[in-house]
Amino acid sequence: MELLQQNRCFDGEQRIYRFNSQTLKGDSRFAVYLPPQALEGEACPALFYLAGLTCTEETFAIKAHAQRMAAQLGLILIMPDTSPRGDHVAQGDHWDIGQGAGFYINATQAPWAEHYQMESFIVHELYDLVQQQFPVQQNRIGIFGHSMGGHGALTLALKYPEKFKSVSAFAPICAPSQCPWGEKAFSNYLGKDQVVWKQHDATGLVGEKGALFNEILIDQGLDDQFYGQLNPALFQQACAQVGQALTLREHAGYDHGYYFIQSFMDDHLQFHAVQLES
């Protein structure tokens with residue numbers, strides 16, 4: 001790994017690394033926040049944060065204001081990029097497909113399949129790398145995310161409960177098989193077979209997998225300009241049908257952006273700290 005940036009932050013360090021990803025077949029960047037406990041050599045629980053469309057590994061680190069509470073709770077934060085990058089990587093014709101829009105799945109269709117293997121990158125390559133390089137407590141790793149990244153957090157947690165012991169999301173795409181963003185991404189990356197789509201749809205997955213977590217936390221703004229694409233009620237119904245505990249909090253006046261995320265970030269970090277301790 002090559003250390004690109006290192007900044008002191010609440011007695012911990014915010015860093016950005018670059019490394020050659022075998023999974024994505026090219027250089028990839030990720031950010032990590034190491035709380036003061038980790039800098040002192042103490043093994044700490046960790047959270048993966050998956051960002052949304054158009055974001056990079058820097059977006060959450062700069063905009064979410066998570067480091068203060070992470071330092072207090074002793075949480076390591078891992079922030080990957082949202083897609084493979086580079087001139088050799090296929091690009092779409094719009095901001096919601098291609099680079100910046102990896103959707104945290106493994107593409108099977110050309111021209112995407114060669115590089116767009118974000119599911120394997122997160123749950124295998126990066127997951128193993130951060131445990132090798134940083135003092136992460138085994139079996140105390142959670143995942144959360146926003147929008148496209150909320151979709152990624154929910155689906156990866158449901159598919160890999162042996163790896164992620166807690167999960168939450170801000171304004172996630174809860175049923176991508178039933179919204180324009182998801183339909184566009186899935187048809188491009190996975191092809192036309194909607195049975196395959198359901199393997200990457202949080203609402204479908206929770207119905208299939210059943211109750212896997214003590215609780216799932218979702219925060220959603222009611223003034224979210226993309227609310228019609230997110231479908232939290234469908235995920236809520238699916239959770240109720242299988243007995244999966246879900247706290248869905250809907251907030252009047254809040255939109256889809258990072259001022260909304262900042263407002264409830266402490267709640268999510270404290271939620272994960274409790275879940276990872278239990």
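For the structure itself, consult the block above.
Structure report, in brief. Bear in mind the structure is a predicted one, so any value in this text is a computation, not a measurement.

## With respect to the overall build of the chain
Okay, so step 1: Each helix and strand in the chain was counted, giving 11 helices and 9 strands.
Okay, so step 2: Its C-alpha atoms give the chain a radius of gyration of 17 Å, within 12% of the compact-globule value 19 Å for 278 residues.
Okay, so step 3: Here the C-alpha coordinates of the chain stretch approximately 50 × 45 × 35 Å along the principal axes.
Okay, so step 4: The buried share of the chain, taken over its 278 residues, is 59%.

## Remarks on the sheet that holds strand β2 (residues 12–21)
Okay, so step 1: With mixed pairing, 9 strands are arranged side by side in an open sheet as β1-β2-β3-β5-β4-β6-β7-β8-β9. The open sheet is flanked by β1 (2–9) and β9 (246–251), the only strands paired with a single partner. Across the sheet, the mean angle from the axis of one strand to that of its neighbour is 20°, orientation sign disregarded.
Okay, so step 2: Of the strand pairs in this sheet, β1 and β2 are connected by 7 bridges, and their pairing is antiparallel. Residue N7 lies in a different strand from β2, and its bridge partner there is Q14.
Okay, so step 3: Against the sheet, helix α5 (residues 148–159) touches β4 (44–50), β6 (136–146), β7 (167–170) and β8 (216–221), its axis set at about 140° to β6.

## Some thoughts on helix α8 (residues 202–209)
Okay, so step 1: Buried residues of α8: A202, T203, L205 and V206, and no others. Projection of α8 onto a plane perpendicular to its axis shows the buried side chains occupying an angular sector of 165°, all on one side.
Okay, so step 2: Residues of α8 that are buried sit in contact with α5 and α10 (232–242).
Okay, so step 3: Capping of α8 at its N-terminal end is provided by D201; its side-chain oxygen lies 3.0 Å from the backbone amide nitrogen of T203.
Okay, so step 4: Once α8 finishes, G210 follows within two positions and takes phi at roughly 85°, a positive value.

## What to know about the environment of D11
Okay, so step 1: Mapping D11 onto the fold places it in the loop between β1 and β2.
Okay, so step 2: For D11 and Q72, which are 61 residues apart along the polypeptide, the C-alpha to C-alpha distance reads 10.0 Å.
Okay, so step 3: Excluding its chain neighbours within four sequence positions, the residues that come into contact with D11 are P36 and L39.

## Observations concerning unusual backbone geometry
Okay, so step 1: Residue P111 is bonded to the preceding A110 through a cis peptide linkage, with omega at 0°.
Okay, so step 2: Note on placement: P111 falls in the loop between β5 (76–80) and α4 (118–133).
Okay, so step 3: Unlike most non-glycine residues, D11 shows phi in positive territory, near 65°.
Okay, so step 4: Unusually for a residue other than glycine, N139 sits at a positive phi of about 65°.
Okay, so step 5: Its place among the elements puts N139 in strand β6.
Okay, so step 6: What makes N139 exposed here is its relative accessible area of 56%.

## A look at the pattern of salt bridges
Okay, so step 1: Overall, the coordinates contain 9 salt bridges when judged by the stated rule.
Okay, so step 2: The partner of R15 in a salt bridge is E13, and the shortest N-O contact between them spans 2.7 Å. Each member of the pair, R15 as well as E13, is classed as buried.
Okay, so step 3: As a salt-bridge pair, R249 and D267 come within 2.9 Å of each other at their nearest N and O atoms. Within this pair, whereas R249 is found in strand β9, its partner D267 is found in helix α11 (residues 258–277), the two being separated by 18 residues in sequence.
Okay, so step 4: A residue is classified by how much of its surface remains accessible, and R249, at 26% relative accessible area, is partly exposed.
Okay, so step 5: One network of salt bridges, in which partners are shared, links D219, R249 and D267.

## Things to note about the packing of aromatic side chains
Okay, so step 1: If you walk through the whole model with that rule in mind, you get 22 aromatic pairs.
Okay, so step 2: Relative to Y189, the ring of W112 lies with its centre 5.4 Å away and its plane at 85°, an arrangement referred to as edge-to-face. One end of the pair, W112, is in the loop between β5 and α4; the other, Y189, is in helix α6 (residues 180–190), and 77 residues separate them in sequence. Neither residue differs from the other here; W112 and Y189 are each classed as buried.
Okay, so step 3: Between F260 and F264, the ring centres sit 5.9 Å apart and the planes meet at 65°, which makes this aromatic pair edge-to-face.

Rules behind the numbers
- Residue numbers restart at each chain and count upward from 1, following the sequence in its written direction.
- Only residues with pLDDT of at least 70 get local features here, since the model is predicted, and only at 80 or more are side-chain atom pairs given and counted; chain-wide, interface and lining totals rely on the full set of residues.
- Values reported for side chains reflect all heavy atoms of the structure, with hydrogen atoms and water molecules removed beforehand.
- Strands here mean DSSP runs of E at least two residues long; helices mean DSSP runs of H or I at least four residues long; both are numbered from the N terminus.
- Every radius of gyration here is taken over C-alpha atoms, with the globule rule written as 2.2 Å times N^0.38, N being the number of residues.
- Relative accessibility under 20% of the residue-type maximum defines a buried residue, over 50% an exposed one, and the middle range a partly exposed one, all with a 1.4 Å probe and only protein chains included.
- When DSSP finds at least two bridges between two strands, those strands are taken to pair.
- Under this scheme, a helix contributes an axis fitted over its contacting stretch, all axes are lines through C-alpha atoms, and angles between N-to-C directions fall in the 0 to 180 degree range.
- Between two residues, a contact is recorded if the distance between any of their heavy atoms is within 4.5 Å.
- Throughout, the arc means the angular range of directions from the helix axis out to the C-beta atoms.
- What qualifies as a polar contact is a pair of N or O atoms within 3.5 Å, subject to a donor-acceptor requirement within protein and to the restriction that residues adjacent in sequence count only when both atoms come from side chains.
- Salt bridge, as used here, is a side-chain nitrogen of Lys or Arg placed within 4 Å of a carboxyl oxygen of Asp or Glu.
- Note on aromatic contacts: the rings of Phe and Tyr and the six-membered ring of Trp form a pair at centre separations within 6.5 Å, being stacked when their planes are under 30 degrees apart, edge-to-face when over 60 apart, and tilted otherwise.

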